[in-house]
Structure formats: structure tokens, C-alpha cells
Amino acid sequence: MFPSCYSKSDKESGGKRSSVAKLLFGVFFVYMLHTAWLLYGFLNTKPCEGGRGETCITSYLAARPRLQLSIYTCLVPDNSQLNFAVKVDPFDPHSSFERQVNISLSEETRANGTLYAVVYVHKVGVSPLEDRKEVHYAAQLTTYLIPPPTEGQKGTMKKPGLDRPVSYWRPRLSITMMSEEFSFSKAGLPSDVRRYMRVSQDARQTIYLPLLLVNELSYSVKDLVEISSSSMKLPLTVSYEGLSLRRFRFWVHLNDIVYSLRQFGFTEENIDEIKETLVGSNLYLLVLTALITALQLICEFLALKNDISSWSKKKSMVGMSPKSVLWRCLCTLLIFLHLLEETSLLVLLPVGLGACVEVWKVFKAFKIQISKRFRMKKLDEDERKTVEYDAQASRCLSYLVYPLCIGGAVLSLAYLRQRSYYSWLINSLVTGVYAFGFLSMAPQLFINHKLKSVSHLQGTVLMYRGVNTLISDLCSCASLFSTSVSFSSSHQLACFRDELLFFLYLYQRRLYGCKPRRRESVTKKVKTQ
């Protein structure tokens, strides 16, 4: 057990904060139970047995019909002229195949237009437009993206028209269909299956037609090919796979996730990172990832809330290192600018919010007030003593940091020709932050040592961030062995520095053993020196 480092007012405010923490953890617990219940229902869909007047919907594939798979291209998926592309006859729903074909492009598509593929599954020898039991699915073969700048355009002024989206070719069409002959109960039909189901009445029996789906996760941005005016034909890889009911529902949910991300404004590069994680993981790992992400968000929210609450009530900066606050602010801003170019919004949003809080803390630490005039409040005797300790620690630290930073900047000059000046500057500064950022807390640890107290620090904030960074460390170690890494390697290694800080704080808290009035006695001791 650690000794208490909080006063009576701190404990009262801590009681209010703990109630919010309990509420959030209660919501998290309910979320876990809800996820477990959904997972149970997802993995255990009961087949229809036809007892007690239960209405069953059987599979059309159970009658073993002779089927054919046909693929057509068109400019508009509805009410447009269809151009024949691929035919698979006979078509076995239970087997898999992959074919390479060349698709002819119309003049409209070459002129920055679109092209769709319409996949039909119908009876052999019957036109899909005449077969009443056909199923079809329309998928887009082109997509619009802003072309990336070339090497000569990096770091230069953008010309008008360069940011205009152009048409790109999707080189792969992945077709999936539920080949399991599952019998559904009409009353307990899953909602995600109902969207893709077409029902036909055959004599006294109700049957459902094959559940067809085109997998939208089969391509990535790096595989796209820009369509030029001279592109008469482009290759297309057509693949098919028969799925069980569980896997079909799994892919339906993954496609819904990708669609939702596009609606929320995520770029294709951000979605690609999430695709790699979703496709390269199994269902249980995805559920575990969702639970870990929810826990991290709760810890980050509680840490941010307690940090803002504590700093808003802080009137004295005794024991706080202003330079450490300033350094942490600069580090957070640099990391935000660095992640702005290469990381998804899931990582960028909390980092950006934390950067805003760090800027506000700099104004509080240096007692800067912006009203009609820009002025700084005077420091009292105790705060001046803290500033002296801070300057002493920073001076000793500069003998180590300055040579390392200068040496790193000289080494990074070799990469200047490969980047723009802005990218080179940001990457050089961020590399220094990642490599030597943990040294920024050395002045604060020195002040704690001089004052023989840690009561001026926010223990709950460090606790929540310690748990959060511990989870990040474990996930970073796991992602080093994974093919889908959503963080840069330098950002992964930088997570360990916050963990080191947390353990050093725990050591100092155990060593100095704050008592309820420890802070007041330390302040008096400083005055007598």
C-alpha cells in the first residue's frame, strides 16, 4: 500500500472523480457483456427444425440446381447497357476459383468516368434477365482519388487542378457466396442476413435464393492503377469463394465497417490500415481488439479529465517544473504534426486533443494571462525556489541533450534530398523527441528529489496513463510480429518512455511517503533554507 499524498479537499474532489470513473467502468462492463451476447448470437445461429408450426426458409442450393456465374460491365449499375465480360459454366458454389481477364474500357471511363461490374448467378442456358430466380450484385471497378505528388512536386506550390480527383482501376473483384445449405427460421432470421436475402415461394415450400456478396476489402490503395486516356484494356483478377453462414455474416459486418468509415470522412489510406487489421485477424482477435481499444479510450478520457480538473484548480506552481511542461507541450505538438502525415484518425484525434491541453497547461505553468495586454504574473518565493531547481537540472541535462540532438540533425542531412524541407524538419525533430523525449522529465524528478515529495503531481492522472501506456506497450510488442501495424515503429518504441516515467514516480512515492500535511511542512522547510 502507498501512503496517502492528498489533502482533505483533494480527497473530496477525488470522491467525485471516482464516481465518474465507476460510471465509466460500469458502462465499459455493460459494453463487454453486450459484445459477448452479440458474439454468442453471432456464432450460434439455430437452424429451423420445423416443429410447433415453425415456418422454415430452406436454401435454393439444396435442390442442386445447375447454375452459371456471369459478370457484365456497365457505366451505371441500374437500367444501363450491359457488356459481357466473364462466364463460369458450370458453376459449383462449393468450390473456389480465380481467373485473370482483360476488361475493355469505354470512352466515358477513359475520360475520368466510372465503371461497374454486375455479378449474376442464374440457371445454366437461361439469360439472367429472364431467370426469375437469379441473384445479382453490383460492385464498382473504379474509384476516385487525388493523385499523390511526384518527386518533383514535393515541397513546391500546388498548381491549379492538381488536387482534382482522377479515376483509378480496382484490379481485383472478390466474389463470395454462402454455400452452406442452412435452414432459417422465419421468426428468428438475423437482420444482417435479411438484407441480402431474396425469398421465392416454391409449391408449399419457402426457399431463399443464394446470398451473394462482393468483398470490398480485397483491394488496397497501393494496388490501384490510374486510368489514362490511352488505357484501352486493363487486367482484372476475378476470384470466388464459398462461405459458411458464420463467415458470410463476418464479411457482411466488415464491409459495413468500411462503409461507415467512409461516411465519417476517413481517407482511403486510413481505411487501408484498418482493412489490413480486419482481414489479417480472426473473429476472436477482433473482439479482443475492440475491448482493448474501449479500455484505452476510457483510461485516456479519465486521465485527460483529471488532468484538466487538477490544473484548473492549481493556484501555485510549487514543485512543478515549468520547463518540463513546456517541453512536453512541444513534444506533443511535434508528434501530432508527424502523425498527421502517416497515421489514422483513430490515433490522431486523442493526440490532437492532448496537444491542446498541453498548450493550455503551458499558460498555467508560466502564469501567462492574455486580456487586453499580454502579461505574466510574478512568482512567489516558493515558486522561485522551484524554478531554481528546474534551471539547475536543465543546465546539467543540456550537456547531454545538445550534443545528441546536433549529431542526430547532422546525420539526418543525408535524407534531405529525399524529402521536402518541411518533412525533413518535422522528421528530424520528431526523431529527437522519440529518442531523447524521456529525458524531458528529468527536471521534474530532480525537483521531487529536492522537495522530498510528490504531492504536487497528479497521482490519478499518472495511474491512468500508466495503465494506458502499459496496454500500448503490450500491443506494440505484439504488432512487431504482425503484418498489420497501425503505428510507426518509432511511435511504438516511444510508448516505453512513459512507462519508465510511471515506474520512477511509483518509486519516489514509495520512498518519500507523503503524509497529509507533508506538502505544507516541505514548503516551510524551503522557506527556512
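Please read these numbers as outputs of a predicted model, since none were measured by experiment.

S.K.: It is not clear to me how a nonpolar patch on the surface should be interpreted in this structure. Could you clarify?
M.R.: Judged by side-chain polarity, L326, L330, L333, V359 and F363 come together as a nonpolar surface patch covering roughly 340 Å² of accessible area. At the level of elements, α7 (322–342) and α8 (345–365) are the ones that each hand at least two residues to the nonpolar patch. Residue classification places L333 among the partly exposed positions, given a relative accessible area of 31%.

S.K.: Quick question: what am I supposed to make of the nonpolar core here?
M.R.: Generally speaking, nonpolar side chains in soluble globular proteins are found buried as a group. Of all hydrophobic cores here, the largest spans 61 residues; its most connected members are I71, F91, W169, L173, I175 and F184. Looking at which element gives the most residues to this core, the answer is helix α4 (residues 245–263), with eight residues. Those residues in contact with F91 that sit more than four places away from it in its chain are L67, Q68, L69, F97, V121, M177 and Y240. Core analysis: the next-biggest nonpolar cluster, separate from the first, contains 11 residues, M317, V325, L457 and Y512 among them.

S.K.: Explain the packing of aromatic side chains to me, please; I cannot follow it from the model alone.
M.R.: Pairs of aromatic rings are described using the distance from one ring centre to the other and the angle between the two planes. Across all of its chains, the model carries eight aromatic pairs by this definition. Relative to Y240, the ring of F97 lies with its centre 5.7 Å away and its plane at 20°, an arrangement referred to as stacked. One end of the pair, F97, is in strand β4 (residues 97–104); the other, Y240, is in strand β15 (residues 233–243), and 143 residues separate them in sequence. Classification of Y240 as buried rests on a relative accessible area of 2%. The rings of Y72, F84 and Y120 are connected pair by pair, giving a single aromatic cluster. Its guanidinium or amino end placed over the ring of F97, R99 lies 5.9 Å from that ring's centre, counting from NZ or CZ.

S.K.: Which parts of the structure should I look at to understand the pairing of strand β11 (residues 199–202)?
M.R.: Bridge count for β11 against strand β12 (residues 205–208) is four bridges, and the pairing is antiparallel. Each bridged residue has a counterpart across the sheet, and for S200 the counterpart in β12 is I207. Counted between consecutive antiparallel strands, the loop separating β11 from β12 contains two residues, among which A203 sits at a positive phi close to 55°.

Definitions and limits used
- Residues numbered from 1 in each chain as written.
- Predicted model: local features only at pLDDT ≥ 70, side-chain atom pairs only at ≥ 80, totals over all residues.
- Heavy atoms only, no water.
- Patch = residues over 30% accessible without salt bridge, like charges linked within 9 Å, V, L, I, M, F, W, Y side chains within 5 Å.
- Areas by Shrake-Rupley, 256 points an atom, 1.4 Å probe, with all protein chains shown as cover.
- Salt bridge = Lys/Arg side-chain N within 4 Å of Asp/Glu carboxyl O.
- Helix = DSSP H or I, 4+ residues; strand = E, 2+ residues; numbered from the N terminus.
- Buried < 20%, exposed > 50% of the residue type's maximum accessible area, 1.4 Å probe, protein only.
- Core = buried A, V, L, I, M, F, W, Y, C linked by side-chain atoms within 4.5 Å.
- Contact = heavy atoms within 4.5 Å.
- Phe/Tyr/Trp six-rings, centres within 6.5 Å; stacked < 30°, edge-to-face > 60°.
- Lys NZ or Arg CZ within 6 Å of the ring centre and 35° of its normal.
- Pairing = 2+ DSSP bridges.

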